[in-house]
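# Architecture at a glance
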Amino acid sequence: MTLPEALTLSLIREARSRLQGDVRATPLLDSTSLSDWSGAEVRLKAEHLQRTGSFKIRGAFNRILTFDRSRIQGVVAASSGNHGQAVAYAARALGLKATIVLPHGANPLKVEAARHYGADVEFVGTTSAERLARAQALADDLHPLVAPYDDYLVMAGQGTLGLEILGQWPEVEVILVPIGGGGLISGIATAVKMTAPHVQIIGVEPEGAAKVTASLRAGRRLQLESTASVADGLRALTPGELTWPIIQQRVDDVVTVSDQAILHATQVLAERAKQVVEPSGAAALAYALSPDQPLHHKRVVALLSGGNVDWSQLMPPLRE
Ligand SMILES: *Cc1c(COP(=O)(O)O)cnc(C)c1O
């Protein structure tokens, strides 16, 4: 197939039918405690219960299913962890080899999972730019690159979440979505604005990785020199080249949350909602629980985007 030149609703609808059977329709959970604390009616879209523990399987599977598989032997991906895990899983399911480029110091759980799915894992640098350059060098005609977000077919896969949320709760008024490179929010915002334009899409990024906030303020796509956050899936240095214009056009607002607020939300999810969610996956809820948000009395979905928690980073070591 020829590569699409834009992210459209039909691309997302095609992804939804293509993904049936391979991707779970995850539950939308309600929580009285979280609604009370936020002052909004909050429901949690449980993508931490998705196959491979994050939504990334939607985009990765959609992209790999649209390659001509008779002409390739494997796929290559660069990832902070969840995308690599998703590509490794999808490749194995489709009988392809996967090579995943991860940063030094990647979450050991995510590394282990990629290896468990049979992928070759390589460690390069610490930034997304460094590992993407390496993955591009490894990729060739027989082993194409599966980009984590800057690809319309990947975004279309993530966009199936927007259709799913609207189907589960047609009365929703606000959807809170974490932002890394922006593929997730681009897909969801497109699905939602093309079918229910009154629903507000709010992006959430960590204070220490606020590349979209900085870019919106500057009026152009900026690259941060460095990022620092407990949310390892949200630490892109810059919005994607393809996701940036979509975010500018279709996302209503972008806000930031502190690492402390993210960790608090992670803890609250475990203690109150009994949900195991990684920091990147708790950022959207962190905003709903923050003191000054304007969400009171609104019907709000907080997207829990992943559950691959590295406990050794969150908890003190156990002693005898
Ligand atoms: C990748 C990821 C995100 C961000 O998705 P982008 O498409 O890069 O914006 C959010 N949460 C989790 C758990 C992720 O793995």
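Read on for an overview of the structure. (Residues numbered from 1 in each chain as written. Predicted model: local features only at pLDDT ≥ 70, side-chain atom pairs only at ≥ 80, totals over all residues. Heavy atoms only, no water.)

Take the overall build of the chain next. Helix and strand counts for the chain come out as 13 helices and nine strands. With respect to the principal axes defined by its C-alpha atoms, the chain has extents near 55 × 55 × 40 Å. For the chain, with 320 residues in total, the buried portion stands at 58%. By sequence separation, contacts in the chain at least 24 residues apart represent 73% of the contacts at least 6 residues apart. Side chains of the chain carry 30 positive and 32 negative charges; the gap between the two charge centres is 3 Å. (Helix = DSSP H or I, 4+ residues; strand = E, 2+ residues; numbered from the N terminus. Buried < 20%, exposed > 50% of the residue type's maximum accessible area, 1.4 Å probe, protein only. Contact = heavy atoms within 4.5 Å. Lys, Arg positive; Asp, Glu negative; His and termini not counted. Charge placed at Lys NZ, Arg CZ, Asp CG, Glu CD.)

What follows is about the packing of aromatic side chains. Applying the stated criterion across every chain, the model contains two aromatic pairs. Ring centres 6.4 Å apart and planes at 65° place the aromatic pair phenylalanine 61 and tyrosine 89 in the edge-to-face group. One end of the pair, phenylalanine 61, is in helix H3 (residues 56–65); the other, tyrosine 89, is in helix H4 (residues 82–93), and 28 residues separate them in sequence. Owing to a relative accessible area of 2%, phenylalanine 61 belongs among the buried residues under this scheme. Between tyrosine 89 and tyrosine 117 the ring centres are 5.3 Å apart and the planes differ by 85°, which places this aromatic pair in the edge-to-face class. Here the residue tyrosine 89 occupies a position in helix H4, and tyrosine 117 occupies one in the loop between helix H5 (108–116) and strand S5 (120–123), the gap between them amounting to 28 residues. Taken together, the ring pairs connect Phe61, Tyr89 and Tyr117 into an aromatic cluster. Stacked on the ring of tryptophan 169, the Lys or Arg arginine 43 has its end atom at 3.9 Å from the ring centre. Positioned above the aromatic ring of phenylalanine 67 is the side chain of arginine 63, whose terminal nitrogen or guanidinium carbon lies 4.0 Å from the ring centre. (Phe/Tyr/Trp six-rings, centres within 6.5 Å; stacked < 30°, edge-to-face > 60°. Lys NZ or Arg CZ within 6 Å of the ring centre and 35° of its normal.)

A few words now on the site of the ligand. In the neighbourhood of the ligand, 17 residues make up the surrounding shell, with Lys56, Asn82, Gly180, Gly182 and Ser305 lying closest. The separation between an oxygen atom of the ligand and a polar main-chain atom of glycine 180 is 2.7 Å. Note that an oxygen atom of the ligand is positioned 2.8 Å from one of the backbone N or O atoms of glycine 182. Its residues assigned to classes, the shell around the ligand shows six nonpolar, nine polar and two charged. (Near = heavy atom within 4 Å. Polar contact = N/O pair within 3.5 Å; in protein donor to acceptor, adjacent residues only side chain to side chain. Nonpolar A, V, L, I, M, F, W, Y, C, P; charged D, E, K, R; others polar.)

Strand pairing in a sheet takes place through backbone hydrogen bonds and is either antiparallel or parallel in direction. What the three strands build is an open sheet, ordered S3-S4-S5; its pairing is parallel. Of all the strands in the sheet, the pair left with one neighbour each is strand S3 (74–78) and S5. Averaged over all pairs of adjacent strands, the angle between their axes in this sheet comes to 15°, without regard to strand direction. Where strand S4 (residues 97–102) and S5 come together, four bridges link them in parallel fashion. When the sheet's bridge partners are listed, threonine 99 is paired in S5 with aspartate 120. (Pairing = 2+ DSSP bridges. Axes fitted to C-alpha atoms, helices over the stretch in contact; angles between N-to-C directions.)

Judged by how many residues are buried, S4 sits mostly within the fold: five of six residues are covered. By the bridge criterion, five bridges tie S3 to S4 in an arrangement that is parallel. Bridge pairing in S4 links alanine 78 to valine 101. Assessed by its sense of winding, the connection that carries the chain from S3 through H4 to S4 is right-handed. Running through H5, the crossover from S4 to the neighbouring parallel element S5 is right-handed. (Right-handed = clockwise from strand over helix to strand, strands pointing away.)

Let's shift gears to the sheet that holds strand S7 (residues 200–206). Strand order across the open sheet formed by six strands is S1-S2-S9-S6-S7-S8, with mixed pairing between neighbours. Every other strand in the sheet has two partners, leaving strand S1 (28–30) and strand S8 (253–257) as the edge strands with one partner each. Here the strands of the sheet are splayed against their neighbours by 30° on average, with no regard to which way each runs. Pairing of S7 with S8, which is carried by five bridges, proceeds in the parallel orientation.

Another point: helix H7 (residues 152–168). In this model, H7 (17 residues) spans 25 Å end to end at C-alpha, consistent with the 24 Å of a helix rising 1.5 Å per residue. Approximately 25° is the largest bend angle found in H7, and it occurs at glutamine 158. For H7, the tally of buried residues reaches 15 of 17 residues, placing the bulk of the element in the interior. A side-chain oxygen of the first residue of H7 lies 2.7 Å from the backbone nitrogen of leucine 153; this N-cap is aspartate 151. (Expected span 1.5 Å × (residues − 1). Bend = angle between axes of the 7 residues up to and from the residue.)

Looking now at the nonpolar core. Counting residues in each nonpolar core, the largest one holds 30 residues, and the members touching the most others are Leu44, Leu176, Leu269, Leu285, Tyr287 and Leu295. Those elements giving two or more residues to this core turn out to be strand S2 (41–46), strand S6 (174–178), S7, S8, helix H11 (259–271), helix H12 (279–288) and strand S9 (299–304). Top contributing element to this core by residue count: H12, with seven residues. Core analysis: the second largest hydrophobic core is formed by 28 residues, Val23, Ala60, Ala77 and Ala91 among them. (Core = buried A, V, L, I, M, F, W, Y, C linked by side-chain atoms within 4.5 Å.)

What follows covers the pattern of salt bridges. As enumerated under the stated definition, the model contains 14 salt bridges in all. A salt bridge links glutamate 164 to arginine 58; the shortest N-O distance between them is 3.0 Å. Taken together, the residues span a long stretch of sequence, with glutamate 164 in helix H7 and arginine 58 in helix H3 at a distance of 106 residues. Glutamate 205 is the salt-bridge partner of lysine 211, the closest N and O atoms lying 3.5 Å from each other. (Salt bridge = Lys/Arg side-chain N within 4 Å of Asp/Glu carboxyl O.)

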